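What follows is each chain in one-letter form.
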Amino acid sequence: MEQQVSESASQQVSGSDHRKRVRLGVLLSGRGSNFLNIADCIERGELRGCEIALVLSNVADAPGLAAARERGFTAVAQPSPGVPRAEHDRAMLEHLRAHAVEYVILAGYMRVLTPEFLQAFPQRVLNIHPSLLPSFPGLDAQRQALEYGVKVAGCTVHFVDDAVDHGVVVMQRLVRVRENDTVARLSKRILAQEHRLYPEAIARVLSGRYEVRGRQYVPRLV
Ligand code: GAR
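What counts, and where the lines are drawn
Residues numbered from 1 in each chain as written. Predicted model: local features only at pLDDT ≥ 70, side-chain atom pairs only at ≥ 80, totals over all residues. Heavy atoms only, no water. Helix = DSSP H or I, 4+ residues; strand = E, 2+ residues; numbered from the N terminus. Buried < 20%, exposed > 50% of the residue type's maximum accessible area, 1.4 Å probe, protein only. Contact = heavy atoms within 4.5 Å. Lys, Arg positive; Asp, Glu negative; His and termini not counted. Charge placed at Lys NZ, Arg CZ, Asp CG, Glu CD. Near = heavy atom within 4 Å. Polar contact = N/O pair within 3.5 Å; in protein donor to acceptor, adjacent residues only side chain to side chain. Areas by Shrake-Rupley, 256 points an atom, 1.4 Å probe, with all protein chains shown as cover. Nonpolar A, V, L, I, M, F, W, Y, C, P; charged D, E, K, R; others polar. Arc of directions from axis to C-beta. Salt bridge = Lys/Arg side-chain N within 4 Å of Asp/Glu carboxyl O.

Undergrad: Would you take a moment to explain the overall build of the protein chain for this structure?
TA: Counting its regular elements, the protein chain contains seven helices and ten strands. Across its three principal axes, the protein chain shows a C-alpha extent of roughly 50 × 45 × 35 Å. Burial statistics for the protein chain: of 222 residues in total, 49% are counted as buried. Here the contacts in the protein chain between residues at least 6 apart in sequence split such that 63% fall between residues at least 24 apart. Across the protein chain, the centroid of the 28 positively charged side chains sits 5 Å from that of the 24 negatively charged ones.

Rendered as structure tokens:
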């Protein structure tokens, strides 16, 4: 009943260059290293069939937004402080629609999205989180992991639903916790894995060769 099959993206990215590239909208609130890494992967041809159509932030002075402008991307701030969530998300949606965005990539976007926003992009919003979900959702995931005493940490790419860091898991990568690890050192090693994981997960989702059955992301073999 809950099985959903994604076909449209695969039709758009199935190899030939003359086909339309899938338009990504990247949402960020901070430094933007995942965004820059994705942009580099697209530029180097390691992530194909897509382009970054818009970088959008709820933080006007986010370093990631400045970096996007420097690189020549269309980069827009839609500040969120003091704005009701529904109103802010509606404004975000307007920007995304104005730039014909097809998939939304959260890259350190530190705000929960409204159901209305998510309904506008059904199963087309991806997020990366610096823990092995469902462990340690929310803020400071790396600190939570260290304080809990886990021996293995990592990162997760998942579809976004209306609960925090909760949607269907697409891919995960492990990072071993070392003796005497610090939050800074662990975060750095997790971030290196995030940069490997996110482009790969995006490519998989854009290929459309998967099904979602309940909570299971199931790759479809061709
Ligand atoms: C990344 O570690 C990402 O996993 C995390 O924010 C950081 C953004 O870094 N996201 C979350 O915690 C989402 N719940 P970046 O701005 O350098 O990409």
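Undergrad: In this structure, what is going on with unusual backbone geometry? I would like to understand it.
TA: In terms of backbone geometry, most residues other than glycine have negative phi values and most peptide bonds are trans. Here the residue pair L133 and P134 is connected by a cis peptide bond, since its omega of 15° sits within 30 degrees of zero. The backbone of D140 sits at a positive phi, close to 55°, despite the residue not being glycine. Mapped onto the secondary structure, D140 falls in the loop between β6 (125-129) and α6 (141-148). Taking relative accessible area as the criterion, D140 reaches 49% and is therefore assigned partly exposed. Backbone geometry at D165 places phi at a positive 50°, although glycine is not the residue there. Residue position: D165 is located in the loop between β7 (152-159) and β8 (169-176).

Undergrad: Just checking my understanding: could you explain the site of the ligand for this structure?
TA: R31, G32, S33, N34, G108, M110, I128, H129, P130, D165 and E194 make up every residue found near the ligand. Between the ligand and the protein, one listed contact pairs a nitrogen atom with a side-chain N or O atom of H129 at 2.9 Å. A distance of 3.3 Å separates a nitrogen atom of the ligand from a polar atom in the side chain of D165. Contact with the protein chains removes 89% of the 440 Å² of surface that the ligand exposes when unbound. At the level of secondary structure, the elements contributing two or more residues to the shell around the ligand comprise α2 (33-43) and β6. Taken together, the residues of the shell around the ligand sort by class into three nonpolar, five polar and three charged.

Undergrad: I would appreciate a short explanation of α6 in the present structure.
TA: An α-helix turns once per 3.6 residues; consequently, residues spaced three or four apart project the same way. Where α6 is concerned, the buried positions are A141, Q142 and A145. The buried residues of α6 occupy an angular sector of 100° when projected down its axis, which confines them to one face. The inward-facing, buried residues of α6 contact β6 and α7 (183-207). Two residues or fewer past α6, G149 is found with a positive phi of approximately 90°.

Undergrad: I'm lost on the pattern of salt bridges in this one. Help?
TA: If the charged atoms of two oppositely charged side chains come close together, the side chains can form a pair. A full pass over the atoms with the stated rule returns eleven salt bridges. One salt bridge connects R21 with E51, and the closest N-O pair in it is separated by 3.8 Å. Residue R21 is located in the loop between α1 (8-13) and β2 (22-28), and its partner E51 is located in strand β3 (residues 50-57); the two are separated by 30 residues in the primary sequence. Overall, E51 belongs to the partly exposed group, its relative accessible area being 24%. Two residues, R71 and D40, come together in a salt bridge whose shortest N-O distance is 2.8 Å.

Undergrad: Help me out: how do you make sense of the environment of A203 in this one?
TA: Along the chain, A203 falls in helix α7. C-alpha separation for the pair A203 and C155, spaced 48 residues apart in sequence, amounts to 17 Å.

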